[in-house]
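Summary of structural features
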Amino acid sequence: MLKRLALQFLSLIVLLTYSTIICTAQSTTSDSKDDGKLRIVCFGAHPDDAEYKCGGTAAMWAKLGHHVLLVSVTNGDIGHWKMAGGELAKRRTAESTEVAKRLGVTSKVLDIHDGELLPTLENRKTICKIIREWNADIVISHRPWDYHPDHRYTGILVQDAAFMVTVPFFCPDVPHLKKNPVFLYSSDRFTKPYPFTADVVVAIDSVFDQKVDALTALVSQAFEGGAGGSAERLALVPPASAPQERKAWLHERWARRQGGEANRFREELIRAYGLQIGSKVKYAEAFEICEYGARPSKKRLQELFPFYGAVEK
Ligand SMILES: [Zn+2]
């Protein structure tokens, strides 16, 4: 009897712990909406996109006390070469939560199947409510021209929410925003119908190590290769038993990737940070202003990117 009671107690503890994890991962509330700090939502299609595209800038905002929410619009449940389904969705949600913790931000993973996202009215309402509930000043997403249908439709859904978030009788159950946020696209290399324009380029040198350290939590993607991985590829990656070598391996890859962004947008960096600093920036994240949200003045952009124009060391 005593043994059975102990077992029941143990299962209750396990259940409570599990519920807490799920709630944390899905929480979109922040207790201080009126503290004068900026509020940012970064949408990605899968539980790694927002982290990859905006992780450095998110960490910089967070360091200044601003509130950043990373949203994965799908649950990533087919984003692996060896596993799939609910087990993978839970694994990737936990990875995303850990990245957010390391960046000092909040994360949310929507329970929509990976590879099946559509620009429906229902999804438009979901996106609209998230932006409103977060009371966003800035919203970031993919451009709607991208290799992956989930990326494209995330771009479309966020575009469709730009303006609708301010319309009182659209989703009237969640108070509309009085001010339309600034909508931004994260960078990509697609050129049709037009190439990405770097309106804002952020030097992330001061948080680059923190970003890479956070990304090491995305084990299923960063090390195991996600949907494009294989046993052969995995054999080339340092094992989990050698975390320092693993991090160094990832560091090198991301140094190439974000160093590439800094070089690609060198002119913009010099324009923003001046010749002396701009020419030395090693790592960058870039964003394009979407025409459908608020159109920020130069002064407003400086407020939204308070670290813009000065490389913190
Ligand atoms: Zn993706």
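Everything in this summary refers to the structure shown in the same document.

Basis of the calculations
- Residues numbered from 1 in each chain as written.
- Predicted model: local features only at pLDDT ≥ 70, side-chain atom pairs only at ≥ 80, totals over all residues.
- Buried ≥ 20, exposed ≤ 12 C-beta atoms within 10 Å, placed from the backbone.
- Helix = DSSP H or I, 4+ residues; strand = E, 2+ residues; numbered from the N terminus.
- Pairing = 2+ DSSP bridges.
- Right-handed = clockwise from strand over helix to strand, strands pointing away.
- Axes fitted to C-alpha atoms, helices over the stretch in contact; angles between N-to-C directions.
- Parallel < 35°, antiparallel > 145°, perpendicular 65-115°, else oblique.
- Left-handed = near helix turned anticlockwise from the far one by under 90°.
- Contact = placed C-beta atoms within 7 Å.
- Nonpolar A, V, L, I, M, F, W, Y, C, P; charged D, E, K, R; others polar.
- Expected span 1.5 Å × (residues − 1).
- Arc of directions from axis to C-beta.

**Let's talk about the pairing of strand 3 (residues 106–109)**
Here strand 3 shows two buried faces, one formed by Thr106 and Lys108 and the other by Ser107 and Val109. Inspection of the sheet shows strand 2 (residues 67–72) paired to strand 3 by four bridges, in the parallel sense. Bridging across to strand 3, Val71 finds its partner in Lys108. Tracing the backbone out of strand 2, into helix 3 (residues 86–103) and back to the parallel element strand 3 gives a crossover that is right-handed.

**Remarks on the packing of helix 2 (residues 49–63) against helix 6 (residues 208–215)**
In the contact formed by helix 2 and helix 6, the axes pass within 9 Å of each other and the chain directions differ by 135 degrees. Classified by the angle between their axes, helix 2 and helix 6 sit oblique to one another. For helix 2 against helix 6, the interelement crossing comes out right-handed. Judged by residue contacts, Glu51, Gly55, Gly56 and Ala59 of helix 2 engage Phe208, Gln210, Lys211, Ala214 and Leu215 from helix 6. The class makeup of the residues in the contact of helix 2 with helix 6 is four nonpolar, three polar and two charged.

**Structural notes on the pairing of strand 6 (residues 200–203)**
Residues Val200 and Val202 point to one face of strand 6 and Val201 and Ala203 to the other, with burial holding for every one of them. Bridging between strand 6 and strand 7 (residues 284–289) involves four bridges; their strand directions are antiparallel. Bridged to Val202 within strand 7 is Glu285.

**A word on the packing of helix 2 against helix 3**
Put simply, helix 2 and helix 3 touch, their axes get as near as 9 Å, and they point 35 degrees apart. Along its contact with helix 2, which presents Glu51, Gly55, Ala58, Ala59 and Ala62, the element helix 3 presents Ser96, Val99 and Leu103. Residues of the contact of helix 2 with helix 3, tallied by class, amount to five nonpolar, two polar and one charged.

**Structural notes on helix 9 (residues 243–264)**
Over its 22 residues, helix 9 extends 31 Å from the first C-alpha to the last, a length consistent with the 32 Å expected when each residue adds 1.5 Å. Of all the residues in helix 9, the buried ones are Trp254, Gln258, Glu261 and Ala262. Projection of helix 9 onto a plane perpendicular to its axis shows the buried side chains occupying an angular sector of 90 degrees, all on one side. Exposed side chains of helix 9 directed beyond 90 degrees from the buried face belong to Glu245, Ala248, Glu252, Arg253, Arg256 and Asn263. The inward-facing, buried residues of helix 9 abut helix 6, helix 10 (266–273) and strand 7.

**Some thoughts on the sheet that holds strand 5 (residues 182–186)**
Taken together, seven strands build an open sheet; the order of strands is 3-2-1-4-5-7-6 and the sheet is mixed. Single-partner strands in this sheet number two, and they are strand 3 and strand 6. The sheet shows a mean angle of 25 degrees between the axes of neighbouring strands, taken without regard to direction. Examined bridge by bridge, strand 1 (residues 39–44) and strand 4 (residues 138–141) share three bridges and lie parallel to one another. Residue pairing for strand 4: Val41 is matched across the bridge by Val139. Of the strands in this sheet, strand 6 and strand 7 touch helix 10, which is tilted by about 80 degrees from strand 6.

Worth remembering: the numbers are spatial, not functional.
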